[in-house]
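Spelled out, the chains give:
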Amino acid sequence: MHHTGPFDRTVDVVVLGLGDAGAVAAVTAHDAGAEVLVVEKQQAAGHRPNSRYAAGFFLVPEDLEGAVAYLSAMYAVNGELSTVDPALIRAWAEEAAANPAWLDRHGGTYVKMNIHGEHPSLPGHESIRVYKAQPSGSPEGYTGCPMHGFLRGLIAERAIEVRYGTAARWLLTDAAGAVVGVETECDGQVRRIGVRRGVVLAVGGYESSERLKRQYLPISPAHFYGTEHNTGDGITMAIEAGAELWHMNVWPGHFVARFPGGGYTGGTGIDLWGSGRFGPPDDVRAPGSIFVDGTARRFIREPGRQHAANLELLAMDADSLTYPRIPTWWIFDQERFERATLVPTYSGPAGPVGDYTWSEDNVAELREGWIQSAGSVKELAVVCGLDPAALERTVARYNEHCANGVDADFGRDPVTLTPLGGDRYYAVPLWPGGSHTVGGPRRDANARVASIRGGSISHLYSAGELGSLHGLLYPTGGGSIAECLAFGRIAGRNAAADRVGGS
Ligand SMILES: Cc1cc2nc3c(=O)[nH]c(=O)nc-3n(C[C@H](O)[C@H](O)[C@H](O)COP(=O)(O)OP(=O)(O)OC[C@H]3O[C@@H](n4cnc5c(N)ncnc54)[C@H](O)[C@@H]3O)c2cc1C
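Just so it is clear, the structure is predicted and the values come from calculations on it, not from any experiment.

Undergrad: Quick rundown of the UniProt feature "domain: FAD-dependent oxidoreductase 2 FAD-binding" (unreviewed entry) in the protein chain? Include the residues and the values.
TA: Mapped onto the present numbering, the UniProt feature "domain: FAD-dependent oxidoreductase 2 FAD-binding" (unreviewed entry) falls on residues 12–480. Secondary structure within residues 12–480 divides into 26% helix and 21% strand; the distance between the first and last C-alpha atoms comes to 27 Å.

Here you go:
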């Protein structure tokens, strides 16, 4: 929005949004000597950005050239590579590789996991390693992802000013289109805040805007399981300021369950084998569990790629004009039902943030009618509206694969080939969705926001999942937090070094 006239207040750097990206940008700009103001839409009490729901994984490129090759190969899958500046790929690899050292310097703690790039068919996948944040330095009473708690501790230590309950509405621009401030609204009061150095946009994605999801994602409905407050405000602000958008029609996704009640406003991830993680348990055998489509057939090597299974759900039958895999049915037996909670309790709405307390034995949720159940495979099919004979055939064939120790149809990991059996069967419908969207303003290697007219918008920076550099494919668990830290730092230090009007 073109602005002339005075500001209500002027600071060096305004950071919009207090997730991991905003927190790191604010800390970095502050430590570079800038006066920083953070503007956060949510109230302080109960402030829940996606960063707080997260599990705390962050990837680390352990070999720079390998990581560059891996990200480049991911971009090449849908032909996007030719449009991506190689400097951006390198900046990501170098800065994300520096995350552990930055955490060490600031008192953050983490452990290394034995997890690498998610796409082993691509070069360089083994050069990515997943780390996991451990609790350190969180403010008292904080619950949620330890990485976010730690970053909130850094904000508090520095007494960086955070204006909670204040929504950024518009970016303010001068006659040449350079960003010179931001218009905010708090309790109906509109204020215009000027900047001497720059603005960092870090307000998250559009996972809670039904309108934007319908308009941009390739499928509807798509359910997400984080904050309700990421309503795509950054996209509106960026478009109005003349930004180029990217990655609006893709997202890292998986099968998402939806329980319309309790604390579940969106959806939730599922725990296929009750292992407390994405893969099967190490020490005990995996219980019987499969996915079937609307024709009651299996269609995927369960559990599917962790952040690309959504792509498999999109397969449309263009003759019948239906999406046979939406919903997908998760079919499991009594052993799985009794093994552990059906949803993760280490992150998400049933995790430490405590939006919903899932019963340990799943019985309360069964009583809610969220889980279908029957005494035989045939009866279960009837309850779910599936073809009973087809589901019986599918289960019999899957059980045959288990007996042979080889999944002749989809090549599923043999350690997970446990037959479905017993005298009770269960089903839960699953939808496309995931943890977060990645669309938003395109950023460059310096975290500057690209202008639709070429070049970048002066004094405007971005970080985090809003306009993430991750597109069709996601590198592996921890891609987003690694980017929040890396581009939060790049945005924070470049904003702090910028000068509005060359002052
Ligand atoms: C259950 C779950 C588990 C996940 N686990 C992982 C993981 O282990 N590793 C990983 O890498 N990623 C994970 N992710 C994804 C990751 O958490 C997010 O993508 C990342 O934290 C986003 O950080 P952010 O700072 O960009 O946005 P957020 O953390 O969502 O912060 C954005 C902030 O901006 C505020 N805001 C919005 N609009 C405005 C406005 N107009 N004005 C002012 N403020 C505004 C919001 O209220 C919010 O506080 C997970 C996500 C979920 C939901």
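So much for the structure itself; the text now carries on.
Undergrad: Before we move on, could you go through the side chain of Asp-444 and cite the residues and values that matter?
TA: Summarising the element assignment, Asp-444 is placed in the loop between strand S17 (440–441) and strand S18 (448–450). One polar contact links the side chain of Asp-444 to the main-chain amide nitrogen of Arg-448, over a distance of 2.9 Å. Not counting chain neighbours up to four residues away, the residues in contact with Asp-444 comprise Leu-88 and Phe-487.

Undergrad: Any chance you could break down the sheet that holds strand S3 (residues 57–61) for me, citing the residues and the numbers?
TA: Taken in spatial order, the three strands of this open sheet run S3-S5-S4, and their pairing is antiparallel. For this open sheet the edge positions go to S3 and strand S4 (109–112), each flanked by a neighbour on one side alone. Taken pair by pair, the neighbouring strands of this sheet meet at an average axis angle of 40 degrees, ignoring direction. As judged from the four bridges shared by S4 and strand S5 (residues 128–134), these two strands associate in the antiparallel manner. The partner of Lys-112 across the bridge, within S5, is Tyr-131. Against the sheet, helix H4 (residues 86–97) engages S3 and S5, with an angle of about 110 degrees to S3.

Undergrad: Help me get a handle on the domain arrangement of the protein chain, residues and values and all.
TA: Domain boundaries in the protein chain define domain 1 (9–50 + 143–251 + 435–497) and domain 2 (253–434). Its C-alpha centre places domain 1 at a distance of 35 Å from the equivalent point of domain 2. Facing the 19 residues of domain 1 at the interface are 24 residues of domain 2. For the pair domain 1 and domain 2, the summed buried surface comes to about 1,800 Å²; carbon and sulfur atoms form 63% of the total. The three residues of domain 1 that bury the most area against domain 2 are His-223, Tyr-225 and Trp-251, which together make up 39% of that side's buried surface.

What counts, and where the lines are drawn
In every chain, residue numbers begin from 1 and rise along the written sequence. Given that this is a predicted model, residues contribute local features only at a pLDDT of at least 70 and side-chain atom pairs are listed and counted only at 80 or more, while totals for whole chains, interfaces and linings are drawn from all residues. Hydrogens and water are ignored here; the side-chain numbers use all heavy atoms of the structure. UniProt positions are given in the numbering used here, feature names are shortened, and annotations may be inferred rather than shown by experiment. Each helix is a run of DSSP H or I of at least 4 residues and each strand a run of E of at least 2, with the numbering of both proceeding from the N terminus. Whenever a nitrogen or oxygen atom comes within 3.5 Å of another N or O atom, the pair is scored as a polar contact, on the condition that within protein one atom can donate a hydrogen and the other can accept it, and that pairs from neighbouring residues in sequence are kept only if both atoms are in side chains. Residue contacts follow a heavy-atom distance rule, with two residues in contact if any of their heavy atoms lie within 4.5 Å. Between any two strands, at least two bridges found by DSSP are needed for them to pair. Only the stretch in contact is used when a helix axis is fitted, and all axes are lines through C-alpha atoms; the angle between N-to-C directions ranges over 0 to 180 degrees. In this entry, domain limits derive from an automatic or database-based domain assignment. Buried area, as used here, totals the accessible surface that two parts lose on assembly, with accessibility defined by a 1.4 Å probe and the loss added over both.

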